[in-house]
Amino acid sequence: MKFGWSRRSFLAAMGAASCLFAPSRLKAAGIFGKKRKPAATESLDGASIVAITTGLGSTGDIYAELGVTPLVNINGTVTVIGGSVMRPEVMELMRRGNEHFVLIDELEIAAGKFIANLCRSPAGYTGLVTAGAAAALVVGYAGMMTEDLEPRMRSIPDVSDFPRNEVIIQKSHRYPFDHQIRQTGAKLVEVETREEMIAAINPKTVAIHFTNILSDKGKVSGPETVAIAKEHSLYTFNDAAADVPPVERLWQYPALGFDMVAFSGGKDIRGPQAAGILIGRQDLMHYALLNMSPQEDRIGRCCKVGKETIFGMLKALELFVNQNYDAILRVYDERAQVITDAIEKFGVTALPRQYNPQALGNVTPRYSWKIDRAKLGISGQEVMQKLADTRPFGIGSLGAGASGMRGRNPDGGSADTHVGHHGPPHDPDSFGFAVWQLKDGEDKLIADRLVEIFRAAPKA
């Protein structure tokens, strides 16, 4: 491969510094050839870079030192490849958050007020920074069942003697993350219709769960769910982890009356990957905080959130709420155009951009290209495989399913029960991907690699 990337610009694309292209005479083969140590006079995000002269990091390439392959992200904000990359301002606030000690509970309460104000939350609502959206499910449901009662918080997930420990969920809303509800000891009760939902309510029912990404699959809508729950004095939880953008959902869902709404912090909000946001009623947020770290002897002790993560999450959320998304869409279009301009000479043409701003789950434009099989003897799947096989860095990864590693199934059959609910139809003569997680210059890198792939492809 003969990309015009210097060692520094490649490492920058992996999140170490701002991405700048070097002179085109530099070869990718030399990216890992010459060792380079950072100078103490350089700066990153307003902070001095400490020169590492020994041990891990001393070569300037931590990925190669550990023997792992870094990726250019065309997959999207999936956890299995690291979610997203934080903005420089987020990293700077994390650095500042590391400067002092603080009472974590006090910081969380202050952060919750900041979140509620920024996200236009209803009166009586506040926020909580959690260790990801999955952790928000754990501490949220734990709080519903324990309230502020110390004996309950110590005994959970043994909820056998709790007055309310059942959660109603639509059968079509079952998904891999309801494991985090069951983790608290709560019993899930499946229903399909509005009538079944009402009939399932009994003195043991504590809440009704709503899976936002599957809201178009169920027979009971979000507003209907809230109305039923309020009529029967039950809590409601809306897991909207992957459903911003659009940014308005940060305040629309709490305004519908959901008692708790969870959002992922490490997707397009671009906060710390191990961070999430829980927005809800103040009493429930208090119960949730009581069930998580830094408190000990709690089910959520493992859901630890550091002071650095809290500050980083707040800054990322602020930047996300105040961004000009129309301008960002234009950047995405420009990145796709760089690729289109490079490969059209091979008879590979751009297809119309796919973008529904009101879609569910990781809303972003998707760009795709059509291969003229009368000219090139290569399929779209083969193109994507060759991108993934690129070295010394991969461009996307076909081996990283959204659900991560799977164990073996002793009963036979597939051990992977994760089902993709939203995705474009497969066309063997086309290929495509999202560009929203590309960093400056990576569009040119992909274009150059595709030129190599099509130049080497057999002619039809």
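Heads up: these notes are all about the structure in this document. (Residues numbered from 1 in each chain as written. Predicted model: local features only at pLDDT ≥ 70, side-chain atom pairs only at ≥ 80, totals over all residues. Heavy atoms only, no water.)

1. Brief notes about the overall build of the protein chain
The helix and strand tally for the protein chain stands at 15 helices and 14 strands. Burial analysis of the protein chain (460 residues in total) assigns 49% to the buried set. Counting only contacts in the protein chain whose residues sit at least 6 apart along the sequence, the fraction spanning at least 24 positions is 70%. (Helix = DSSP H or I, 4+ residues; strand = E, 2+ residues; numbered from the N terminus. Buried < 20%, exposed > 50% of the residue type's maximum accessible area, 1.4 Å probe, protein only. Contact = heavy atoms within 4.5 Å.)

2. Notes on the sheet that holds strand β11 (residues 349-350)
Neighbouring strands of a sheet are bound in pairs by backbone hydrogen bonds; such pairs are parallel or else antiparallel. A sheet is described by the order of its strands in space; here three strands give the open sequence β11-β12-β14, paired in antiparallel fashion. Because the sheet does not close on itself, it has two edges, and the strands there are β11 and β14 (430-433). Relative to β14, strand β12 (residues 367-370) runs antiparallel, the two being bridged by four bridges. When the bridges of β14 are listed, Y367 appears paired with F433. Together, β11, β12 and β14 form the strand contacts of helix α13 (residues 325-343), whose direction differs from that of β12 by roughly 20°. (Pairing = 2+ DSSP bridges. Axes fitted to C-alpha atoms, helices over the stretch in contact; angles between N-to-C directions.)

3. Considerations on the nonpolar core
By size, the foremost hydrophobic cluster in this structure holds 66 residues, and its most contacted members are M144, L250, L278 and L317. Looking at this core element by element, the count peaks at eight residues for helix α5 (residues 133-146). Leaving out residues up to four positions away in the same chain, M144 has contacts with V206, A207, Y235, T236, F237, M260 and L284. (Core = buried A, V, L, I, M, F, W, Y, C linked by side-chain atoms within 4.5 Å.)

4. Let's talk about helix α15 (residues 442-456)
Taking 1.5 Å of rise per residue, 15 residues should cover 21 Å, and α15 covers 21 Å from first to last C-alpha, within 8% of that figure. Among all positions of α15, only E442, D443, L445, I446, A447, R449, L450, V451, I453 and F454 are buried. (Expected span 1.5 Å × (residues − 1).)

5. Focus: unusual backbone geometry
Residue P246 is bonded to the preceding P245 through a cis peptide linkage, with omega at 5°. The residue P246 is located in the loop between β8 (235-239) and α10 (249-255) in this model. Here the amide bond leading from R391 into P392 is cis, since omega sits at 15°, within 30 degrees of zero. Residue placement: P392 occurs in the loop between α14 (380-388) and β13 (394-395). Unlike most non-glycine residues, S233 shows phi in positive territory, near 55°. Secondary-structure assignment places S233 in the loop between α9 (222-231) and β8.

6. Here we look at the packing of aromatic side chains
Under the criterion given, the structure shown has seven aromatic pairs. Considering the side-chain rings of Y141 and F237, the 5.1 Å spacing of their centres and the 20° angle between planes classify their relative orientation as stacked. Of this pair, Y141 sits in helix α5 while F237 sits in strand β8, placing them 96 residues apart in sequence. One exposure class covers both Y141 and F237, and it is buried. Consider the rings of W369 and F433, whose centres lie 5.3 Å apart with planes at 40°: the pair is tilted. Linking W369 in strand β12 with F433 in strand β14, this pair joins segments that are 64 residues apart in sequence. Grouping residues by exposure puts W369 and F433 together as buried. Members of the aromatic cluster, connected to one another through ring pairs, are F346, W369, F431, F433 and F454. Over the ring of F162 we find R152; its NZ or CZ atom is 5.6 Å from the centre of that ring. (Phe/Tyr/Trp six-rings, centres within 6.5 Å; stacked < 30°, edge-to-face > 60°. Lys NZ or Arg CZ within 6 Å of the ring centre and 35° of its normal.)

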